[in-house]
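# Coordinates in review
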Amino acid sequence: MKSRIPVRIADAGVILIVGYFVVHGLTHRAPKVEKDQFAASVDLKPMRDLAIHDVGRIKSFDSYANSMIRSIAGPYGIEGEGPVYAYLDLMLNRDEYRNRKIIYMKKAIRQQVARAMEESGIPVDDVRTFIKDGMISEQQIFEPKVLAELQRMDTDVLRTAKFVNMVNSALMLADPHELSARMRVVPPPDGDQQKPWIAGEDVWGLDFLGDGHAHGAAGPVPGLSPELQKKISEQWSQVATAWKAKNADAASQAIAALAGSLRSVDPTNYPPQDKLSLESWYFRWHAFVWNWIVYIIAVVPLLLSVIYRWRGAYRAGILLVILAFGIHTASLGIRWYLSGRIPNSNMFEAVLAATWFGVLGAFFIEVFVRKTAMRGLFFLGSSVCAMVAMMCQHFMPTTLRSDIDNVMPVLDDVWLYIHTNVIIWSYALIGMAAITALLYLRHRLGGGDPTVAKAGGAGSLILNNAPGKGDSFLREDSATWGQVLDASTMVLMELSFVMLWAGLVMGAIWADHSWGRPWGWDPKEVFALCTFVIFMILLHVRFKVRDKGFWTAVLAVAGCGVMLFNWIVINFKISGLHSYA
């Protein structure tokens, strides 16, 4: 190429920012609290690998407890304890947590609550810590001035009521009675898999709560033999007694015995142990969202390859992309196996699947461009998109929750797997186009040449690989950096334009099938159409303006902005028929 990106202060700043995020990602953990001897010694594996019925799905107790504790205590959990230990301890020793910071508040209401905490005489250090991490105790919440402020914010429906409701929900979930009622760990004794599972308290009663009330023994459970019910009840009593006494050996033995008895209620239909263990393992590895670190490492050699045409860096980048893509694929595959469906039905899965499609598409495109100066740019764009997406999943776990849930009945249709996958694949390509467009704008603002690709787009790749045409398009020894970036942007824009159009048509077919009309001016539909219109304008502008490369890049970035607005703001801020997607 005739031109390369010069290394300047701004580029050094970008490198420093990338380095900061890598270090922050490696060190970003929940505050460490030294475990007591009991917490360190009790064996909870049999409990983690139990099955539980939650929101219509059978899952491992570990993943269920992880979801519950995160709803209470946010991304850090409860003082660094594992979710199963925290769940059981909250239920069995609730009074010990009254003055411990276990309730999480989002940033939107922290400043107002912090002022009320100061007015209540709460120590300044506690207030500062709360502003930083959002953790507050139940006792602090029920300070009269703090409670009054929360009640005031609860009346502001547009700005703060949603976040106050989250606090109320966390307080409700932290109640021992609620934790006990949700603990549906007893399968239907008659083997009817359509029936909901039975809450443990219906088998062993509520006396274990020790709340000063005489609850009495549980009544007989239909279909469950009195002998087995008595056995399970006695084993749970042993768990509760040993837990409260901090007797790790006795608690471990009682938990193992209880787990075996619960499986014996319906051994034929009980979920496979390997599947439950895999689900627990998957969430202990944080749903593989740390894979963004592998992608960001891959970006470094890919950048060197693209800028300096260094083949060694290109090969190293490919190997790292293959590694990251393998981990990415494993994450999707595990979710697919555990849920029994294609993982694309909630925001976490849509982001994960979209970037997976983006990297997969990069592999195919790179086959066509391997003989051109565009080689490596598509791996770079897809890796950056995957990195950013997984960073969002890693650093915003309460917003992008990794829980595996059932598909909503209205979505349980073959079009979920066709329309949704085509749309999110087009979104990934739009994101990749924005990367190459931003590189082009950086090139132009840095004084680079305004040349553009005389022939570009997806069609030119096919012609380029025709017999006798292999070296005629964007050769490394003749193409300028501006031409390469412009051609790459056009390839991605044309592909995303076609896929977005196809996705909109398929969405209309699905809407007509599910809702009785192909179009309803839902906010998500409208902004998807806006994105499509911007790209249609881009294709027409390409023919008319003189500075084709600049305006192509500007519109590519603008289109990506509208797409992100549609995917983020519409989903989280504006209610509509697509609020689940």
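Residues numbered from 1 in each chain as written. Predicted model: local features only at pLDDT ≥ 70, side-chain atom pairs only at ≥ 80, totals over all residues. Heavy atoms only, no water.

Turning next to the environment of Ile 307. Here Ile 307 lies in helix H16 (residues 292–308). Looking at Ile 307, the relative accessible area reads 16%, which means it is buried. Sequence spacing of Ile 307 and Trp 481 is 174 residues, and the spatial spacing of their C-alpha atoms is 8.6 Å. (Helix = DSSP H or I, 4+ residues; strand = E, 2+ residues; numbered from the N terminus. Buried < 20%, exposed > 50% of the residue type's maximum accessible area, 1.4 Å probe, protein only.)

Attention shifts here to the nonpolar core. Core analysis: the biggest nonpolar cluster contains 88 residues, and Tyr 295, Phe 378, Leu 380, Tyr 427 and Trp 567 have the highest contact counts within it. Those residues in contact with Tyr 295 that sit more than four places away from it in its chain are Ala 324, Phe 325, His 328, Val 359, Ser 383, Ala 386, Met 387 and Met 390. (Core = buried A, V, L, I, M, F, W, Y, C linked by side-chain atoms within 4.5 Å. Contact = heavy atoms within 4.5 Å.)

What follows covers the side chain of Asp 486. Along the chain, Asp 486 falls in helix H22 (residues 481–515). Other than its neighbours up to four places away in sequence, Asp 486 contacts Tyr 440, Val 452, Ala 453, Arg 542, Gly 549 and Thr 552.

At a minimum axis separation of 12 Å, helix H18 (residues 347–369) and helix H24 (residues 548–573) run at an interaxial angle of 170 degrees. By the angle between their directions, the pair H18 and H24 is classed as roughly antiparallel. Across the interface between the two elements, Met 347, Ala 350, Val 351 and Ala 354 from H18 touch Trp 567, Asn 571 and Phe 572 from H24. For the contact of H18 with H24, the class distribution of residues is six nonpolar, one polar and no charged. (Axes fitted to C-alpha atoms, helices over the stretch in contact; angles between N-to-C directions. Parallel < 35°, antiparallel > 145°, perpendicular 65-115°, else oblique. Nonpolar A, V, L, I, M, F, W, Y, C, P; charged D, E, K, R; others polar.)

This paragraph deals with helix H7 (residues 124–133). Within H7, the full set of buried residues consists of Val 127, Phe 130 and Asp 133. Buried positions in H7, seen along its axis, are confined to an arc of 150 degrees and lie on one side of it. The exposed set on the far side of H7, more than 90 degrees from its buried face, consists of Asp 125, Arg 128 and Lys 132. Elements in contact with the buried residues of H7: strand S3 (101–104), helix H6 (110–119) and strand S4 (135–137). Note on H7: the residue one or two positions beyond its end, Gly 134, has a positive phi of about 80 degrees. (Arc of directions from axis to C-beta.)

Looking at the second largest pocket, its volume works out to about 350 Å³. Surrounding the second largest pocket, 21 residues form its lining, Ile 58, Gln 193, Trp 197, Asn 269 and Pro 271 being those nearest its centre. The biggest single contributor to the lining of the second largest pocket is helix H15 (residues 273–284), with three residues. (1 Å grid on protein atoms, 1.4 Å probe; cavity = no way out; pocket = protein on both sides within 12 Å on 5 of 7 lines; lining within 4 Å. Points joined across faces, edges and corners; volume = space filled by probe spheres on them.)

Okay, the environment of Ala 453 next. In this fold, Ala 453 is placed in the loop between helix H20 (414–445) and helix H21 (458–464). With 31 residues separating them in the primary sequence, Ala 453 and Val 484 have C-alpha atoms 6.9 Å apart.

With that settled, consider the confidence of the model for the chain. For the chain, mean pLDDT is 86; residues scoring 70 or higher make up 87% of the total. Across residues 5–10, where pLDDT falls below 50, the model places eleven contacts with residues more than four positions away in sequence or in other chains. Of the regions scoring below 50 in pLDDT, residues 466–472 engages in five contacts with residues more than four places distant in sequence or in other chains. (pLDDT = per-residue confidence, 0-100.)

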